[in-house]
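Tertiary structure, described
Each chain, written out:
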Amino acid sequence: MKFTTPATTNPIDQLKVVGQPVDRIDGPFKTTGTARYAYEQHETVPDAAYGYVVGATIAKGRIASIDVEAARRSPGVLAIVTYQNAGQLGKGKYNTAKLLAGPEVEHYHQAVAVVVAQTFEQARAAAPLVKVRYVEQKGEYDLERAKKSARLPKTDDKPETKHGNFAAGFAGAPVKLDATYTTPDQSHAMMEPHASVAAWNDGKLTLWTSNQMIHWGTQDMAKTLGIPVENVRLISPYIGGGFGGKLFLRAEALLAALGARAAQRPVKVNLTRAVMFNNTTHRPATIQRIRIGATREGRITAIAHESWSGDLPGGQPETAVQQTRLLYAGEHRLTRLNLAVLDLPEANAMRAPGEAPGMMALEIAIDEMAEKLKMDPVTFRIVNDTTSDPEKPGRKFSQRRFVECMRQGAERFGWNKRNAQPGQVRDGRWLVGLGVASAFRNNMVMKSAARVRLERNGSVTVETDMTDIGTGSYTIIAQTAAEMMGLPLERVAVKLGDSTFPVSAGSGGQWGGNSSTAGVYAACVKLREAIAARAGLDVATAEFVDGAVRAGGRSVPLAQVAQGGEIVGEDTMEYGDLDKKFQQSTFGAHFVEVGVDVDTCEVRVRRMLAVCAAGRILNPKSARSQVIGAMTMGVGAALMEDLVVDKRRGFFVNHDLAGYEVPVHADIPHQEVVFLDETDPVSSPMKAKGVGELGICGVGAAVANAIYNATGVRIRDYPITLDKLLSKMPLRA
């Protein structure tokens, strides 16, 4: 099915099942331990051996020699794989660094070997016996120092955009801001570590793995191993969090495959938490310079946003300026991405790549500008709203309810009670402040396919390689099929995460829910046509209600139609050029109240509110869960998360959950989420958009702005830890 014109009325609009706050259908399996994750395929693969990864202890250089003899003689060891016996390996399309080092070492803890043994303990004991001698080379590990050598990257998107004449517009503006902000390297720190179980049979590989994008992983595994793609099967039925860290093929998957081939039996490999931080991808640090010029009445006339980030050779920048191209009006505009070469572990996507760190800077700058203008920060944002793409004024937004998000959020949060003068509100030992930030994330759609089967008993089974990374994919896909086929939810079975199923959008970029359900919609249209035809009913007027198909005064139960054999509908939802005719984005507003201890500068988030406009909400319960999770991650980015770089040796020092702190329940006492009632017919037949990443965009800045309102101390260097506040707090009498 080709989606080339805006959606009109269709069966999804009934909203009998879609749009309802349905409980997660996978919830009972996860709470009872019967949902089998990648490392837990004990019944399917009962005789698996264990692999343990040996990581490089230098950040850049070459392997001079590897001595595996002592490890090979260790009890229980079945095989040891290094680059010397792994065979010819390629590199996947989505990997910047090789997944197995040798002879070059590209980053710290890049895998140099996997030791396979009968038990995990035996493999772990033998791994330190692998002796690797390195020739270390000098590397670059400091973004600030590498900044001067950064260049415009080669990227699919524009690394630099210009509209009007920024230099002249900024110079002539009566009110100006020129400030620099920094965000640190961050880790996904997902609950389930990277884990895989590999088994070979007649030259074909089956891999149970924790991966967000099955098709990408299948293609890249085949390319890396140099075997036909039809000889690779990936299975990921349940995934314990990904946040972008599991978008791509990672080392444990390749090493499980290589270990299983060498040991001639199934092998399971998981990355220990300490190895994950340096071996896998991370969100890169940024340096961001923002300049804003405005009239004295508060109209932005010039805005520039430049960002610097680093990655390994051949990598990509953090696209931190994307939201600035679209969020606020202003005639004279400039955005620029600068990429430096760093020899740190690979940088790549983390929840809301681009907008999340970009808005951490932009939305502080907007508050700072509002203060210069002596304007309320909510009012300043509303005054600079736009109905069209500021870089392409004739290109309208498909939906843009940004102002409504701001106004409704301000009313609900009690913004009118905020004291605009910082440092004036006390509650005992706490200085109390309120902060606001815009939320913005582009809406993307991806080609997605599904297969839907009417079983002989009248139930429906959906098959697609879509994944559920804790986001509720099983449930919204079941809701979509139930709505389309006129069935109760319990009569729909959903099978996900298998490369033998039709290729879906996968889970990433906030496109997964909308795109994958649109693919199910397309397959259901095919199935409806086939059912109506078999029942001898007019396809154009057939309705599917209460487990039956009816048209022309006749009603036939689906179970009766299927008595002659199951009926299958399979299709792919593809997209035309509506995204070029209309700018598709999601919008929101974040409001935060914090308390800051007057003596210690300890920060406590007291309450949070997010108001979101993100198209039709397919399941308000799971969508709320996604947004409050994103808000929590935003608090972590604002106050805690910081991968500390050893700038001498080139690795992240705090590579565990003891040193890399993330928020816990006690850190977030009260959260409220409001979804505006919205449909976007330009997006898809579902009239939905994404929301899982919108929830993190702007949160960090809302926290920072609340801290400033509480204390009068402006911090532009994330995370905002108490030591940064203490040194700037005014002396108390």
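Residues numbered from 1 in each chain as written. Predicted model: local features only at pLDDT ≥ 70, side-chain atom pairs only at ≥ 80, totals over all residues. Heavy atoms only, no water.

1. Here's the deal with the sheet that holds strand S6 (residues 111–117)
Overall, mixed pairing links the seven strands, which are arranged S4-S6-S2-S13-S10-S11-S12 in an open sheet. Every other strand in the sheet has two partners, leaving strand S4 (77–81) and strand S12 (232–235) as the edge strands with one partner each. When strand polarity is set aside, the average angle formed by the axes of neighbouring strands in this sheet is 20 degrees. With respect to the sheet, helix H6 (residues 214–225) is in contact with strand S10 (195–201), strand S11 (204–209) and S12, its orientation differing from that of S12 by roughly 145 degrees. Along the sheet, helix H7 (residues 251–263) contacts strand S2 (49–55), S4, S6, S10, S11 and strand S13 (267–270); its crossing angle with S10, the most-contacted strand, is approximately 35 degrees. (Pairing = 2+ DSSP bridges. Helix = DSSP H or I, 4+ residues; strand = E, 2+ residues; numbered from the N terminus. Axes fitted to C-alpha atoms, helices over the stretch in contact; angles between N-to-C directions. Contact = heavy atoms within 4.5 Å.)

2. Notes on the packing of aromatic side chains
Any aromatic ring pair is given by two values, namely how distant the centres are and how the planes are angled relative to each other. By the definition in use, this model includes 17 aromatic pairs. Ring plane angle 50 degrees and centroid distance 6.1 Å describe the contact between Tyr-37 and Tyr-238, whose orientation is recorded as tilted. Residue Tyr-37 is found in the loop between helix H1 (27–31) and S2, and its partner Tyr-238 is found in the loop between S12 and H7; the two are separated by 201 residues along the sequence. Exposure class is identical for Tyr-37 and Tyr-238. Each is buried. Aromatic side chains Phe-440 and Phe-587 sit 5.4 Å apart centroid to centroid with 70 degrees between the ring planes, which places their arrangement in the edge-to-face category. (Phe/Tyr/Trp six-rings, centres within 6.5 Å; stacked < 30°, edge-to-face > 60°. Buried < 20%, exposed > 50% of the residue type's maximum accessible area, 1.4 Å probe, protein only.)

3. Considering the UniProt feature "domain: Aldehyde oxidase/xanthine dehydrogenase a/b hammerhead" (unreviewed entry) in the protein chain
Under the present numbering, the feature "domain: Aldehyde oxidase/xanthine dehydrogenase a/b hammerhead" (unreviewed entry) in UniProt falls on residues 32–138. As a span, residues 32–138 carries 10% helix and 32% strand, and end to end its C-alpha atoms are 51 Å apart. (UniProt positions renumbered as here; feature names shortened; annotations may be inferred.)

4. Here we look at the side chain of Ser-459
With respect to the helices and strands, Ser-459 occurs in the loop between strand S21 (448–454) and strand S22 (460–463). A residue is classified by how much of its surface remains accessible, and Ser-459, at 12% relative accessible area, is buried. Here Asn-457 takes part through its side chain, which lies 2.7 Å from a polar atom of the side chain of Ser-459. Each residue touching Ser-459, except ones within four places of it in the same chain, is listed here: Arg-453, Leu-454 and Arg-491. (Polar contact = N/O pair within 3.5 Å; in protein donor to acceptor, adjacent residues only side chain to side chain.)

5. Here's the deal with helix H13 (residues 512–535)
Given 3.6 residues per helical turn, the α-helix brings residues three or four places apart onto the same face. Over its 24 residues, H13 runs 34 Å from end to end, which matches the ideal 34 Å to within 8%, given 1.5 Å per residue. Along H13, 18 of the 24 residues are buried, which leaves the element largely enclosed by surrounding structure. Immediately downstream of H13, the backbone of Gly-536 shows phi near 75 degrees, a positive value. (Expected span 1.5 Å × (residues − 1).)

6. Overview of the environment of Gly-513
Take Gly-513: it is sitting in helix H13. The class of Gly-513 is partly exposed, set by a relative accessible area of 25%. Dropping the residues within four chain positions of it, Gly-513 is found in contact with Ile-476 and Leu-618.

7. Remarks on the packing of helix H16 (residues 620–639) against helix H17 (residues 699–711)
Following both chains from N to C, one finds H16 and H17 inclined at 55 degrees, their axes separated by 7 Å at the closest point. Taken together, H16 and H17 sit at an angle that is classed as oblique. Relative to H17, H16 is oriented so that their crossing is right-handed. For the pair formed by H16 and H17, the contact residues are Met-631, Gly-634, Val-635, Ala-638 and Leu-639 on the first element and Val-699, Gly-700, Val-703 and Ile-707 on the second. Taken together, the residues of the contact of H16 with H17 break down into seven nonpolar, two polar and no charged. (Parallel < 35°, antiparallel > 145°, perpendicular 65-115°, else oblique. Left-handed = near helix turned anticlockwise from the far one by under 90°. Nonpolar A, V, L, I, M, F, W, Y, C, P; charged D, E, K, R; others polar.)

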